[in-house]
Amino acid sequence: MKIAVCIKRVPDMDVRFKIAASGTAVDEAGLKYDMSDFDGYAAEAALQVNEKGGGGEVTALCLGPDAVQETLRKALSMGIDKAVHLKCDAVPFDGWAIAQALAAQLGGGGYDLILFGRMSIDSSNQSVGPMVAELLGLPCVTAASRLDVSGGTGKAQRELEGASETVEFPLPAVVSIDEGVARPRYPSLKGIMAAKKKPLEVKPAQLGAVTVTVTTMELPPERNAGRIIGEGPDMVPELVRLLQTEAKVL
Amino acid sequence: MPTYKAPLDDMRFVLHDVLDVAQLSALPGYEEATPDLIDAILEEAGRFCAEVLQPLNQPGDAAGCTYEQGEVKAPPGFKEAYQQYCAGGWPALTADPKYGGQGMPHLMRSVVEEMMCASNLSFAMYPGLAHGAYHAMHTHGTEELKDKLLPKLVSGQWGGTMCLTEPHAGTDLGIITTKAVPAGDGAYRLTGTKIFISAGEHDLTENIIHLVLAKLPDAPGGTRGISMFMVPKFLPTDEGRPGTRNGVTCGSIEHKMGIKGNATCVLNFDNATGWMVGDANKGMRAMFTMMNGARLGVGLQGLGLGEVAYQNAVAYARERLQGRSLTGAKNPGGPADPIIEHPAVRQGLLRVKALNEGNRAFAYWIGMHIDLEHRHPDPARRAESADLVALMTPVIKAFLTDTGFESTNIALQTFGGHGYVREYGMEQFVRDARIAPIYEGTNAVQAMDLVGRKLPEGMGRLLRRFFHPVSAEVEASRADPALAEFVEPLAKAFERLQQATQGVAMRSMANPDEAGAAAEDYLHLLGYVTLGYMWLRMVKAARARLAAGADDRAAFYEAKVATGRFYFAKVLPQVHALAARIAAGATTVMSVPVDAF
Ligand SMILES: Cc1cc2nc3c(=O)[nH]c(=O)nc-3n(C[C@H](O)[C@H](O)[C@H](O)COP(=O)(O)OP(=O)(O)OC[C@H]3O[C@@H](n4cnc5c(N)ncnc54)[C@H](O)[C@@H]3O)c2cc1C
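Residues numbered from 1 in each chain as written. Chains lettered and ligands numbered in written order. Predicted model: local features only at pLDDT ≥ 70, side-chain atom pairs only at ≥ 80, totals over all residues.

K.L.:
Can you break down the overall build of chain A residue by residue, with the values?
P.N.:
Each helix and strand in chain A was counted, giving 6 helices and 11 strands. C-alpha atoms of chain A, sized along the principal axes, occupy 60 × 45 × 40 Å. Going through the 250 residues of chain A one by one, you find that 39% of them count as buried. Long-range pairs, those at least 24 residues apart, make up 72% of the contacts in chain A with a sequence separation of at least 6. (Helix = DSSP H or I, 4+ residues; strand = E, 2+ residues; numbered from the N terminus. Buried ≥ 20, exposed ≤ 12 C-beta atoms within 10 Å, placed from the backbone. Contact = placed C-beta atoms within 7 Å.)

K.L.:
A description of the overall build of chain B should follow, citing residues and the corresponding values.
P.N.:
The helix and strand inventory of chain B stands at 18 helices and 11 strands. Computed over C-alpha atoms, the radius of gyration of chain B comes to 24 Å, within 12% of the 25 Å expected from 2.2 N^0.38 for 597 residues, which places it in the range of a compact globule. With the C-alpha coordinates of chain B rotated into their principal frame, the extents come out at 80 × 60 × 60 Å. Residues classed as buried in chain B amount to 53% of the 597 residues present. (Rg over C-alpha atoms; globule rule 2.2 N^0.38 Å.)

K.L.:
Describe the interface of chain A and chain B, with residues and values.
P.N.:
Counting from both sides, the interface comprises 14 residues of chain A and, opposite them, 17 residues of chain B. Elements that contribute at least two residues to the side of chain A that touches chain B include exactly α2 (68–78) and α5 (189–195) of chain A. Among the elements that take part in the side of chain A that touches chain B, α5 of chain A stands out by supplying 4 residues, more than any other. Residues belonging to the side of chain A that touches chain B are distributed by class as follows: 7 nonpolar, 3 polar and 4 charged. (Nonpolar A, V, L, I, M, F, W, Y, C, P; charged D, E, K, R; others polar.)

K.L.:
Account for unusual backbone geometry, naming residues and giving values.
P.N.:
All names here are of chain A. Residue P172 is bonded to the preceding L171 through a cis peptide linkage, with omega at -5°. Positionally, P172 belongs in the loop between β9 (163–170) and β10 (173–177). Phi at K248 takes a positive value of approximately 55°, unusual for a residue other than glycine. Residue K248 is classed as exposed on the basis of its 8 C-beta neighbours within 10 Å.

K.L.:
I'd like a rundown of the packing of helix α8 (residues 343–375) of chain B against helix α16 (residues 554–571) of chain B, residues and numbers included.
P.N.:
Residues and elements named next belong to chain B. Where α8 contacts α16, the axes come no closer than 9 Å and their chain directions differ by 105°. In this view, α8 runs roughly perpendicular relative to α16, as classed from their interaxial angle. Here L350, R351, K353, A354, E357 and G358 of α8 lie close against α16, whose contacting residues are T563, F566, Y567 and V571. Per-class residue counts for the contact of α8 with α16 are 5 nonpolar, 2 polar and 3 charged. (Axes fitted to C-alpha atoms, helices over the stretch in contact; angles between N-to-C directions. Parallel < 35°, antiparallel > 145°, perpendicular 65-115°, else oblique.)

K.L.:
Can you lay out the environment of D122 of chain A for me, pointing to particular residues and giving the numbers?
P.N.:
Residues and elements named next belong to chain A. With respect to the helices, strands and loops of the structure, D122 is situated in the loop between β6 (113–117) and α4 (128–136). Residue D122 is classed as partly exposed on the basis of its 16 C-beta neighbours within 10 Å. Spatially, the C-alpha atom of D122 lies 9.2 Å from that of R9, the residues being 113 residues apart in sequence. Once residues lying within four places of it in the same chain are set aside, the contact partners of D122 are V10 and P11.

K.L.:
Go over helix α9 (residues 379–414) of chain B with me, naming the residues and quoting the values.
P.N.:
Residues and elements named next belong to chain B. Taking 1.5 Å per residue, 36 residues should reach 52 Å; α9 reaches 49 Å between its end C-alpha atoms and fits that length. Helix geometry: α9 is bent most strongly at M392, by close to 40°, with proline P394 lying one to four residues after it. Across the 36 residues of α9, 26 count as buried, placing the element largely inside the fold. At the C-terminal side of α9, G416 shows a positive phi close to 55°. (Expected span 1.5 Å × (residues − 1). Bend = angle between axes of the 7 residues up to and from the residue.)

K.L.:
Go over the domain arrangement of chain B, please, and point to the residues and values.
P.N.:
Each assigned domain of chain B is listed with its residue range as follows: domain 1 (8–145), domain 2 (159–287) and domain 3 (454–597). On a C-alpha basis, the centres of domain 2 of chain B and domain 3 of chain B stand 40 Å from each other. (Domains from an automatic or database assignment.)

K.L.:
Go over the sheet that holds strand β7 (residues 140–150) of chain A, please, and point to the residues and values.
P.N.:
Residue and element names in this part refer to chain A. Read across the sheet, 9 strands follow the order β9-β8-β7-β10-β6-β1-β4-β5-β11 without closing on themselves; strand pairing throughout is mixed. Each having just a single partner strand, β9 and β11 (200–204) make up the two edges of the open sheet. The sheet shows a mean angle of 30° between the axes of neighbouring strands, direction not considered. As judged from the 5 bridges shared by β6 and β10, these two strands associate in the parallel manner. In the sheet register, I114 faces β10, and the bridge partner there is V174. (Pairing = 2+ DSSP bridges.)

K.L.:
Tell me what's going on with the confidence of the model for chain A, and back it up with residues and numbers.
P.N.:
On average, residues of chain A score 93 in pLDDT, and 100% of them reach the 70 mark or higher. Here helix α6 (residues 236–245) of chain A stands out as the least confident element of chain A, with mean pLDDT 89; strand β5 (residues 82–87) of chain A is the most confident, with 98. (pLDDT = per-residue confidence, 0-100.)

K.L.:
I'd like a rundown of the pairing of strand β5 (residues 188–198) of chain B, residues and numbers included.
P.N.:
All names here are of chain B. Both strand β4 (residues 179–182) and β5 contribute to a ladder of 4 bridges, which runs antiparallel. From the neighbouring strand, P182 faces β5, where its bridge partner is Y188. Counted between consecutive antiparallel strands, the loop separating β4 from β5 contains 5 residues, among which G184 sits at a positive phi close to 95°.

K.L.:
Report on the confidence of the model for chain B, specifying residues and quantitative values.
P.N.:
Detail in the predicted coordinates should be disregarded across regions flagged by low pLDDT. Averaged over every residue, the pLDDT of chain B is 96; the share at 70 or more is 100%. Overall fold confidence (pTM) sits at 0.93, and the ipTM for the predicted complex is 0.87.

K.L.:
Describe α16 of chain B, with residues and values.
P.N.:
Residue and element names in this part refer to chain B. Between its first and last C-alpha atoms α16 spans 25 Å; for 18 residues at 1.5 Å apiece the expected length is 26 Å, and the two agree. Considered for burial, the residues of α16 that qualify are Y557, K560, T563, G564, Y567, F568 and V571. Projected onto a plane normal to the axis of α16, the buried residues spread over an arc of 135° and lie on a single side. Of the surrounding elements, those touching the buried residues of α16 are α8, α14 (484–510), α15 (512–547) and α17 (574–583). (Arc of directions from axis to C-beta.)

K.L.:
Can you explain the packing of helix α12 (residues 443–454) of chain B against α15 of chain B? Please cite residues and give values.
P.N.:
All names here are of chain B. Where α12 meets α15, the axes come as close as 8 Å, and the angle between the chain directions of the two elements is 100°. With respect to their mutual orientation, α12 and α15 come out roughly perpendicular. Across the interface between the two elements, N443, A444, Q446, A447, M448, L450, V451 and G452 of α12 pack against A515, G516, A518, A519, E520, Y522 and L523 of α15. Here the contact of α12 with α15 is built from residues that sort into 10 nonpolar, 4 polar and 1 charged.

K.L.:
Give a description of the pairing of β5 of chain A that names residues and reports values.
P.N.:
Residues and elements named next belong to chain A. Inspection of the sheet shows strand β4 (residues 57–64) paired to β5 by 6 bridges, in the parallel sense. Within the sheet, the bridge partner assigned to L61 lies in β5 and is V84. Remark: the β4/α2/β5 crossover connection has right-handed handedness. As defined by bridge partners, β5 adjoins β11 across 5 bridges and the pair is classed as parallel. Within β11, the residue paired with H85 across the bridge is V202. (Right-handed = clockwise from strand over helix to strand, strands pointing away.)

Here it is as structure tokens:
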């Protein structure tokens, strides 16, 4: 079986963001980057499906400037077999432009399964996966929290508000992955060392025309700091009282 | 709940910009250790420590270890985390590829060790001791023992300990009484009681390899009559599996101030089967292989705890609103200003930051010389590095643990009363850090090793290995007037160190108590000067980066230079007080009669 997993390099969310001088993007100074959270789950799902299927090949794709190769190496160190870097100067905001570049690479690649994270945690558009499915004319399942594949058929579980559903679909297919699948594995030391020697192919990204752009970006207003009022069941009445009288949310 | 993030930016700065770690990949056997691989390994090690080990730290302290009928359980979660640690292959990091290791430079271990100690010292000690046992066996074991045991230690399947201390013999190992009698078949039977044995019994591994100091029946008295033995908890079968239970049992575990998640055990050896490691009566030498590595490791414990305490203290100082800045409100919209605006709070935090970053550079610098000592093709360079490592081992152990403890204490103070209560975890850092100046030879003993053994060796040859690079760095830096505020204080401190060295050497020839009375002050003096040397190198590296247009990392390099400035202005002047105390000699110490106390 051939599996592709599309990953995105995003800033570490654990920082205080600043808006860049342009007013349309975050200030990148001092930011750290990593694989988008849901893409980590997608990579894990790809590896697990591959392991259960008794071998095959998993390819990771990432679109962006040279720095994304670090993120691809990370995927390789988790155990993914090879990587493709679709090179462009900057990642556009427009998912449609990105989807065209990915579809151009993925189409004709003979993949049985193409995985995405449910959404990227920086732009939260949830769009690229379904757009690629559309471009390739493949069935698409979004936000799968479980994924099983056997004999040319996939089965995915999706979480709904207060319920879950299971859907079945023929392969090849595009699936976007939610966090319910097993936590992404930690790369082993051997995996990290092996990643250096795995193939990483660089190709120019065939981005589509960019039609959607960011015009302004602003930070939410400052909130007051949270307060810990204590610990344990004894504090519940006081918490309820404060939620009623101070926060006025109850 | 305290948090921890591996300070990867600073680690990389030290490794790449200050120490030029790329030179290691030019050494035979280290070809793979390229800067990008080193970075990737550190990043993942940091993630593992922060996400797996750190969350177990506070619960592990609360739960502690449990003892029941000779069996010891580590705190909940430790076993699973240990399995993950082994599955990730981390015990193999620097181990010999012949036994399943990855053969990475020793320096890598220092960096990972710092992260592990920062995130969970109690946990880190289990694999730390196993590595120590690996190291001693690798250097002194017979081929047969090595083939049998080392793969088990490298995979993490088996643990290790070092068993020196007895109830009546701590610092003075010459008076131990554990006996080893030849069994006729090449093995020995050991009988005696060891106390305070870290990781002496636990449920993380299927077997434990104890390295035990004991005396042969005909051994001479004192430390010249001590041999080292390998005593497994379960005797290995021919297939290398744990077989018959050996005669070593855990009598109890200690209830103690800190590192509660690490089992400190009384071990009773009762005709236990063991094999000699190294030569008869040369056990101290073999054990020192383990101890020298362990001493550097203990230094990193001090550094790691100083770092994690600092991270949490800074986060708190930014958030805690209390009082107004002396120069007018900095947070006029709020009820008060963040305490980081108060000079007293900043001063404490800056001191900790300057010590942590200086200690890190110091420890990695020596860590790199351990690699040069073993791998450099030029024997002269190897000897040079070996001297420097020998000189600095007691300094790293004692200076990093003394300042590490001090740092946790300052960080606690930043929290006021909230540091003293358990919730924020700051008091645990202080309690955990307190052991480090005690074990692996108390810091007083480290100081005596430095002054009594290392200084006189080869007529001061070891010290010259340090003095030469310092004078060279000072001289070279004087060419740049912009560096004067850093170089001149270092030059002055260095002069004090040279005077103190001469003074101590001369006075202690006439009266050995002079060496004893000066030792700890001297060690600290050398420590502060070494940090001054490291800070000068760091400032220069940061300025070079800024001059080259460091763009998005500029804030980091500017903070580096500013912290260096603080070090030279506000920390390094301590050398003058130390020098004065050293010059005051031993008379006021030794002339007070014992009855006067
Ligand atoms: C939590 C914990 C874990 C430990 N783990 C291990 C372990 O894994 N293996 C092991 O073998 N041991 C271990 N130890 C023992 C530890 O190494 C000893 O406690 C330490 O070496 C000091 O010995 P002591 O306690 O007998 O103190 P003593 O030797 O009695 O020293 C008491 C005081 O006198 C000072 N002193 C003694 N002799 C001199 C001297 N010649 N010059 C100057 N000052 C001197 C010491 O500095 C100290 O301040 C551990 C101890 C603890 C508490």
